Amino acid sequence: TYGPDASEEKKAKSDAAYSGTKKPFGFSVLGMSVYMGEEKEEFKVLNKDFGKQLTKDNIDDFIQMYFDGKNKTEKTSQVAQIFLRKLKEILAFYSQQKNFHIFGSSLLFVYDAAALTDQSNDTLEKAVVLKMIDFAHIFPANGAPDENYLNGLSNLINVIQSFI
């Protein structure tokens, strides 16, 4: 993603990277580390190459991988719902602010996979973290909403909602 001050070369390079998700969804998946299996015994790292092969036709692959859809349980759905709630809180806040536009930022999703195998239900909320990070490219909004950021958030919410 690029800010309004980007050169044509930067725009072309950025548009080419993650083209399968950036244009249709307004977000990119740069990588993830996940625990998989019934007991979350398998650790897998998916790098930017995984994200670059995602398209509108296979976008669900990243959600299936991130939440280990093959071993989906009620707790898995609860974790996804916690992320949805947190994303909607960010969307509600960001829909109201018209002071700045963010370009090239990230959302950091973290959950403790051990909480999915823990018999206790009181650890799930504590096991889920969602943070807005990477604020290197901030520009004045001049009273206008950041439609680009809002579009990416809304599409991400829809993709996660489809998992539940």
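Whatever comes next refers back to the structure up there.
To keep things clear, this report deals only with the structure shown in the data block.

About the cut-offs
Residues numbered from 1 in each chain as written. Predicted model: local features only at pLDDT ≥ 70, side-chain atom pairs only at ≥ 80, totals over all residues. Heavy atoms only, no water. Helix = DSSP H or I, 4+ residues; strand = E, 2+ residues; numbered from the N terminus. Rg over C-alpha atoms; globule rule 2.2 N^0.38 Å. Buried < 20%, exposed > 50% of the residue type's maximum accessible area, 1.4 Å probe, protein only. Contact = heavy atoms within 4.5 Å. Areas by Shrake-Rupley, 256 points an atom, 1.4 Å probe, with all protein chains shown as cover. Lys, Arg positive; Asp, Glu negative; His and termini not counted. Charge placed at Lys NZ, Arg CZ, Asp CG, Glu CD. Salt bridge = Lys/Arg side-chain N within 4 Å of Asp/Glu carboxyl O. Core = buried A, V, L, I, M, F, W, Y, C linked by side-chain atoms within 4.5 Å. Expected span 1.5 Å × (residues − 1). Polar contact = N/O pair within 3.5 Å; in protein donor to acceptor, adjacent residues only side chain to side chain.

### Re the overall build of the protein chain
No. 1: Helices and strands together make up the secondary structure of the protein chain, namely eight helices and six strands.
No. 2: Written out in order from the N terminus, the α and β elements of the protein chain read α-α-β-β-α-α-α-β-β-α-α-β-β-α.
No. 3: Taking 15 Å as the expected radius of gyration for a compact globule of 164 residues, we find that the protein chain reaches 17 Å, a close match to that expectation.
No. 4: Counting only C-alpha atoms, the protein chain reaches 50 × 30 × 25 Å along its principal axes.
No. 5: Within the span of the protein chain, comprising 164 residues, buried residues form 41% of the whole.
No. 6: The contacts of the protein chain with a sequence gap of at least 6 include a subset with a gap of at least 24, amounting to 71%.
No. 7: Taken as a whole, the protein chain presents about 9300 Å² of accessible surface, with 51% of it coming from carbon and sulfur.
No. 8: Charged side chains in the protein chain number 19 positive and 22 negative. The centres of these two groups are separated by 4 Å.

### Remarks on unusual backbone geometry
No. 1: One non-glycine residue, Lys40, lies in positive phi territory at about 55°.
No. 2: Inspection of the secondary structure puts Lys40 in the loop between strand S1 (32-36) and strand S2 (42-46).
No. 3: We note that Asp68 has phi near 50°; this positive angle belongs to a residue other than glycine.
No. 4: Mapping Asp68 onto the fold places it in the loop between helix H4 (60-66) and helix H5 (74-96).
No. 5: Accessibility expressed as a relative area gives 2% for Asp68, which makes it buried.

### Examining the pattern of salt bridges
Opposite charge on two side chains lets them pair, provided their charged atoms get close.
No. 1: In total, this model carries three salt bridges according to the counting rule given.
No. 2: Residue Asp68 is joined to Lys40 by a salt bridge in which the shortest nitrogen-to-oxygen separation is 2.7 Å. Here Asp68 is found in the loop between H4 and H5, whereas its partner Lys40 is found in the loop between S1 and S2, with 28 residues between them in sequence. Comparing Asp68 with Lys40 shows no difference in burial state: the two are buried.
No. 3: Salt-bridge contacts for Glu89 lead to Arg85; the nearest nitrogen and oxygen are separated by 3.2 Å. Of this pair, Glu89 and Arg85 both sit in helix H5, separated by four residues, roughly a single helical turn.
No. 4: Classification of Glu89 by relative accessible area gives partly exposed; the value is 45%.
No. 5: Classification of Arg85 as partly exposed rests on a relative accessible area of 35%.
No. 6: Salt bridges sharing partners connect three or more residues here, namely Arg85, Glu89 and Glu125.

### Re the nonpolar core
No. 1: Among the nonpolar cores identified, the biggest contains 41 residues, and Phe62, Phe67 and Tyr111 are the most heavily contacted of them.
No. 2: Mapped by element, the contributors of at least two residues to this core are S1, H4, H5, helix H6 (114-117), helix H7 (124-127), strand S5 (128-133) and helix H8 (147-163).
No. 3: When residues no more than four places from it in sequence are discounted, the contact partners of Tyr111 are Tyr66, Phe67, Val79, Phe83, Leu116, Ala127 and Val128.

### Quick word on H8
No. 1: Compared with an ideal rise of 1.5 Å per residue, which puts 17 residues at 24 Å, H8 spans 25 Å between its outermost C-alpha atoms and is within 8% of the ideal.
No. 2: Of the positions making up H8, those classed as buried are Tyr149, Leu150, Gly152, Leu153, Asn155, Leu156, Ile157, Val159, Ile160 and Phe163.
No. 3: Of the surrounding elements, those touching the buried residues of H8 are helix H2 (19-25), H4, H5, strand S3 (100-103), strand S4 (106-111) and S5.

### Considerations on the side chain of Lys40
No. 1: Residue classification places Lys40 among the buried residues on the basis of a relative accessible area of 9%.
No. 2: Looking at Lys40, its side chain comes within polar contact range of the side chain of Asp68, at 2.7 Å.
No. 3: Setting aside chain neighbours within four positions, we find Lys40 in contact with Tyr35, Asp68, Asn71, Ala113, Leu116 and Thr117.

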